[in-house]
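Fold and contact review
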Amino acid sequence: MTQSRFTDHFGRPIVAVTGMGVITSLGQGISDNWSKLTGGISGIHKITRFPTEGLNTRISGTVDFIDIPAINAVERSYAMARETTIEALAQAGLNGDFEGPLFLAAPPVEPEWDDRFALAERAPADSAEGHAYHRLLAAMREEADPVFLEAVQFGSISERLADRFGTRGLPVTLSTACASGATAIQLGVEAIRQGRTSRALTVATDGSVGAEALIRFALLSALSTQNDPPEKASKPFSKDRDGFVIAEGAATLVLESLEAAIARGAKILGIMKGCGEKADHFHRTRSSPDGGPAIATIRAALEDAGLSHEEVGYINAHGTSTPENDKMEYGAMLSVFGERLKDKIPVSSNKSMIGHTLTAAGAVEAVFSIQTMLTGTLPPTINYNNPDPTVELDVVPNVKRDAQVSAVLSNSFGFGGQNASLVMTLEPA
């Protein structure tokens, strides 16, 4: 295919990032998050949202500083998505209706325990002997509860965002586990490449930390139990890592064709150069130990980007801090990058400071990946005091590093066999 200033090696429109917004347990906004992330500050803390007595894990990276009208995951997720989108659109210099499609990554929606108990108590007396599901339906028929209804509709977050920001067409909501944020970005990239739009709004949000979520992940032995001090619990690629720290956050990226962005005089923050996505059928939660699907995902992203592995200057790792997943990711990266991985390519994990933001992780880490290129600063992997001799990586241990890189790989390898990788670069000369 013929390549021009505005098309890539496949003749597709080059996709630019013109606006970004982010919220994590470190704070609200890119400035606050980036200064703390590069300063090696942790946002992990003791849980105060619900009682944790008797639980093995009592820490998280919850976002507790945003006011919401009702205490549930949908309201929390919507509020964070709204705020990151406001920030991203302001940076992109876009006012009024967005007039492009919305792709949202959101957590699975379930009623909070308190809401379920309250609904059960409202069930009519004559339904007391019936099936629990029928009793709940009877209670809903007897007395409408708009707040509860809003909290249990999977598509309500995207519909509210679409109304608020004037996106075009039916909003798309997806949930592909820990790869969701990256997958939402990929959908936006593909929409622009296919000529269906000149701009897309990609949002990922997760405010779902509650007692039930914590207990479910704990039963999978996936969470760290190193509760004291909380900020030391997440230690990706360390020998004494024992699980991830569940967290919340959101990120929004405004994507535009490079041609359209330059035509309106927008500042180009970075280029979404390549996307890779592969499925792993090995297990419902565990990744294939040989790393085959992860290897294929990274290679697919590089091929899509038209880059060789020698051109990648930094990797923003999935780096969850679980023993098995970190080892699998290391093996996958080693298979692709070879011996160069050990001392030529720095690899760090944002999750050492913000925890695992689940559905939002891929987009949050994409924002930080672009910030890495824009600022010439590599964020550290903190709590790296006991290296794993079987994982030979330059993890940018404990302290940030000045280094100008022009191509970054960001990995998201999630439960359910969902794997996604993004390749981001600076604006082409």
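Criteria and thresholds
- Residues numbered from 1 in each chain as written.
- Predicted model: local features only at pLDDT ≥ 70, side-chain atom pairs only at ≥ 80, totals over all residues.
- Heavy atoms only, no water.
- UniProt positions renumbered as here; feature names shortened; annotations may be inferred.
- Helix = DSSP H or I, 4+ residues; strand = E, 2+ residues; numbered from the N terminus.
- Rg over C-alpha atoms; globule rule 2.2 N^0.38 Å.
- Buried < 20%, exposed > 50% of the residue type's maximum accessible area, 1.4 Å probe, protein only.
- Contact = heavy atoms within 4.5 Å.
- Domains from an automatic or database assignment.
- Expected span 1.5 Å × (residues − 1).
- Pairing = 2+ DSSP bridges.
- Phe/Tyr/Trp six-rings, centres within 6.5 Å; stacked < 30°, edge-to-face > 60°.
- Lys NZ or Arg CZ within 6 Å of the ring centre and 35° of its normal.
- Axes fitted to C-alpha atoms, helices over the stretch in contact; angles between N-to-C directions.
- Parallel < 35°, antiparallel > 145°, perpendicular 65-115°, else oblique.
- Nonpolar A, V, L, I, M, F, W, Y, C, P; charged D, E, K, R; others polar.

Taking an unreviewed UniProt entry as the reference, the protein is identified by name as 3-oxoacyl-[acyl-carrier-protein] synthase II belonging to Allorhizobium taibaishanense. UniProt, in its Pathway (unreviewed entry) section for the protein, records the words "Lipid metabolism; fatty acid biosynthesis."

Here the focus is the overall build of the protein. Assigned secondary structure in the protein consists of 14 helices and 15 strands. On C-alpha atoms alone, the protein measures out to a radius of gyration of 21 Å, which is about the 22 Å that the 2.2 N^0.38 rule sets for 429 residues. Put simply, the protein has 429 residues, and 58% of those count as buried. Of the contacts made within the protein by residues no fewer than 6 positions apart, 76% connect residues no fewer than 24 positions apart.

Domain annotation of the protein identifies domain 1 (15-109 + 154-418) and domain 2 (114-150). Inter-centroid distance (C-alpha atoms) of domain 1 to domain 2 is 37 Å.

Turning our eyes to something else, we now look at helix α7 (residues 180-193). Under the 1.5 Å per step criterion, the end-to-end length of α7 is 20 Å for 14 residues, consistent within 8% with the ideal 20 Å. α7 sits mainly inside the fold: twelve of its 14 residues count as buried. Those residues of α7 that fall on the buried side of the exposure criterion are S180, G181, A182, T183, A184, I185, Q186, G188, V189, A191, I192 and R193. Directly after α7, the chain includes G195, whose backbone phi takes a positive value near 80 degrees.

Turning our eyes to something else, we now look at the pairing of strand β7 (residues 199-206). Within β7, eight of the eight residues are buried, which leaves it mostly tucked inside the rest of the structure. Alternating positions in β7 separate into two faces, R199, L201, V203 and T205 on one and A200, T202, A204 and D206 on the other, with burial throughout. Looking at chain direction, strand β5 (residues 102-105) and β7 are connected through four bridges and run parallel. Following the sheet pairing, L102 is matched in β7 by L201. Across eight bridges, the pairing between β7 and strand β8 (residues 249-257) is antiparallel. Paired with T205 across the strands is A250, a residue of β8.

This next bit is on the packing of aromatic side chains. On inspection of all chains with the given rule, the structure shows two aromatic pairs. Seen from their ring centres, W34 and F368 are 6.1 Å apart, and the 35 degrees between their planes marks the pair as tilted. Linking W34 in helix α1 (residues 30-38) with F368 in helix α14 (residues 361-375), this pair joins segments that are 334 residues apart in sequence. Here W34 matches F368 in class, with each residue buried. With a centroid separation of 5.4 Å and 75 degrees between ring planes, the pair formed by F217 and F244 is classed as edge-to-face. Residue F217 is found in helix α8 (residues 211-219), and its partner F244 is found in the loop between α8 and β8; the two are separated by 27 residues along the sequence. What makes F217 buried here is its relative accessible area of 18%. Judged by relative accessible area, which is 4%, F244 ranks as buried. Lying over the aromatic face of F98, R199 brings its terminal NZ or CZ to 5.6 Å of the ring centre.

Time to look at the environment of P229. Looking at the element boundaries, P229 is found in the loop between α8 and β8. Between the C-alpha atom of P229 and that of E365, which follows or precedes it by 136 residues, the distance is 24 Å.

With that out of the way, let us pick up the packing of α1 against α14. With their axes 11 Å apart at the nearest point, α1 and α14 run at an angle of 75 degrees to one another. Between α1 and α14, the angle is such that the two are roughly perpendicular. On α14, the residues touching I30, N33, W34 and L37 of α1 are V367, F368, Q371, T372 and T375. Grouping the amino acids of the contact of α1 with α14 by side-chain chemistry returns five nonpolar, four polar and no charged.

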